[in-house]
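Here are the chains, one letter per residue:
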Amino acid sequence: MTNSAAKQLSIVCFIDALGWEVLRGRQFLEERLPHRRKLRSTFGFSSACVPSILSGLTPREHGHWSFFYYDPEHSPFKALKPLGMLPRRLVDRGRVRNQLSKLVKRAYGFTGYFQLYSVPFSQIGLFDYCEKKDLFKPGGLNRGENIFDVLERERVPYHVSNWREPEAANLAALKADMEQGDIRFAFLYMAAMDALLHQVGKESPEVDKKMAWYERELTDLLTLAERHYDEVRLFVCSDHGMATVHTHIDLMARIEALGLEFDTDYVATYDSTMGRFWPKTAAARERIIAALEQEPNGRILSEDELRALGCDFDGHQYGELIFLTDPGVIIVPCHMGLKPITGMHGYHPDDPDSDACLLSNVPPPGDPQAITDIFRVMKAEAGVSA
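For a regular strand, side-chain orientation follows a simple rule: the groups alternate between the two sheet faces. Within strand 6 (residues 185-190), 6 of the 6 residues are buried, which leaves the element mostly enclosed by the surrounding structure. Neither face of strand 6 is open: one carries F185, F187 and Y189, the other A186, L188 and M190, and all of them are buried. Bridge count for strand 1 (residues 8-15) against strand 6 is 6 bridges, and the pairing is parallel. Across the sheet, the residue bridging to C13 is L188, located in strand 6. Bridge count between strand 5 (residues 158-160) and strand 6: 3 bridges; the pairing is parallel. Bridge pairing in strand 6 links V160 to F187. For the segment spanning strand 5, helix 7 (residues 167-180) and strand 6, crossover handedness is right-handed.

Shown next as structure tokens:
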């Protein structure tokens, strides 16, 4: 296909965890991307933020929040309960969990991101998992439509990265499609920054090296795109930032010390920054609340606050009581991991380290203020009317 007709390509490059505070004080594509703004994040982890970016919806609306939610009736994991009889020093090893995750994912036909993490096998049959489908495909959301539903319906030629592939492979795949000159919209997925920030924290020189790599690669990408398109519009966005961890709390031990019986008196799951509880009796509820109120490094979120954050769910499947740690505080051990790490996200959106970013070489349409507004930016860039 020739490139004689005037053509435009809009590229949205998603860099996981490239928060506004991560960018602060660093040089990054200022000349190429002069339009820069801070975006308010969605409350939750990437499992909540990415669906919100792709759909413009809140977690309440699209149905994605933390990976595991309470649903013993429909849990697909009941068959894993016998593994709870094995020594935890064996089944909690990272390699063992990773291999079991791959087997479970294949057995159940899950196409989304799936990990068993460190949820005890004796308890996992009480939970279901929210991301069973590939978020980056049409029909990928639990509720509502994503940008790929829109692109398919409107027959917009587009490219989307394979999130399972390394960043270099995703760059190469996009370059190959750009050289054909047929696509009008591209979504480039870059995930390595998140893992790096968890490992070394946002102040590390390793982050500067990684950002320099992104700058070189995106500059090369723009140069190539400009050979094949008359106008190239580049948007770099993120889902959240990263806080430096300074305090560890053992919330699980605090609750277990109450002497309540799991699944008789209460059910709980522990994310890195949240304890989520389903009390089964009034007495258990009172005792859990009293114990949580004695923890100085966090607080219970009210129903009104959860509603304002778009995280009030019908049936409370993600938790009847939500305890959130203060910024920089993590729960160790928890069901997402058993060891401390240097950086963490998943704090309140009011925390500056939660802020995401949007950088572009043209003024972004629609005056975006939050990561949910990126969906409208993408629709506009694809030529789809609101």
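So, on to helix 8 (residues 192-200). When helix 8 is considered as a whole, its buried residues turn out to be M193, D194, L196, L197 and H198. Of the residues flanking the end of helix 8, it is G201, one or two places downstream, whose phi is positive at about 85 degrees.

With that settled, consider the pattern of salt bridges. According to the stated counting rule, one finds 24 salt bridges in the structure shown. A salt bridge links R164 to D134, with the shortest nitrogen-to-oxygen separation between them at 3.2 Å. One end of the pair, R164, is in the loop between strand 5 and helix 7; the other, D134, is in the loop between strand 4 (127-129) and helix 6 (147-153), with 30 residues separating them in the sequence. Given a relative accessible area of 43%, R164 falls into the partly exposed group. Using a relative accessible area of 6% as the deciding quantity, one classes D134 as buried. Salt-bridge contacts for K202 lead to E203; the nearest nitrogen and oxygen are separated by 3.4 Å.

Next up on the list: the environment of I322. The residue I322 is located in strand 13 (residues 321-325) in this model. Each C-alpha atom, one on I322 and one on S122, is 22 Å from the other, the two residues being 200 residues apart in sequence. Leave out the neighbours within four places in its chain, and I322 touches W65, M274, G275, R276, R299, I300, L301 and L306.

Below, the discussion takes up the sheet that holds strand 10 (residues 266-270). Ordered by their spatial adjacency, 4 strands build an open sheet running 10-11-13-12, and the pairing between neighbours is antiparallel. For this open sheet the edge positions go to strand 10 and strand 12 (298-300), each flanked by a neighbour on one side alone. Neighbouring strand axes in the sheet, compared pairwise and without regard to direction, differ in orientation by 15 degrees on average. Strand direction decides the pairing type here: strand 10 and strand 11 (residues 274-279), joined by 5 bridges, are antiparallel.

The rules behind these values
Residues numbered from 1 in each chain as written. Predicted model: local features only at pLDDT ≥ 70, side-chain atom pairs only at ≥ 80, totals over all residues. Heavy atoms only, no water. Buried < 20%, exposed > 50% of the residue type's maximum accessible area, 1.4 Å probe, protein only. Helix = DSSP H or I, 4+ residues; strand = E, 2+ residues; numbered from the N terminus. Pairing = 2+ DSSP bridges. Right-handed = clockwise from strand over helix to strand, strands pointing away. Salt bridge = Lys/Arg side-chain N within 4 Å of Asp/Glu carboxyl O. Contact = heavy atoms within 4.5 Å. Axes fitted to C-alpha atoms, helices over the stretch in contact; angles between N-to-C directions.

No statement about biological role is implied by the geometric values presented.
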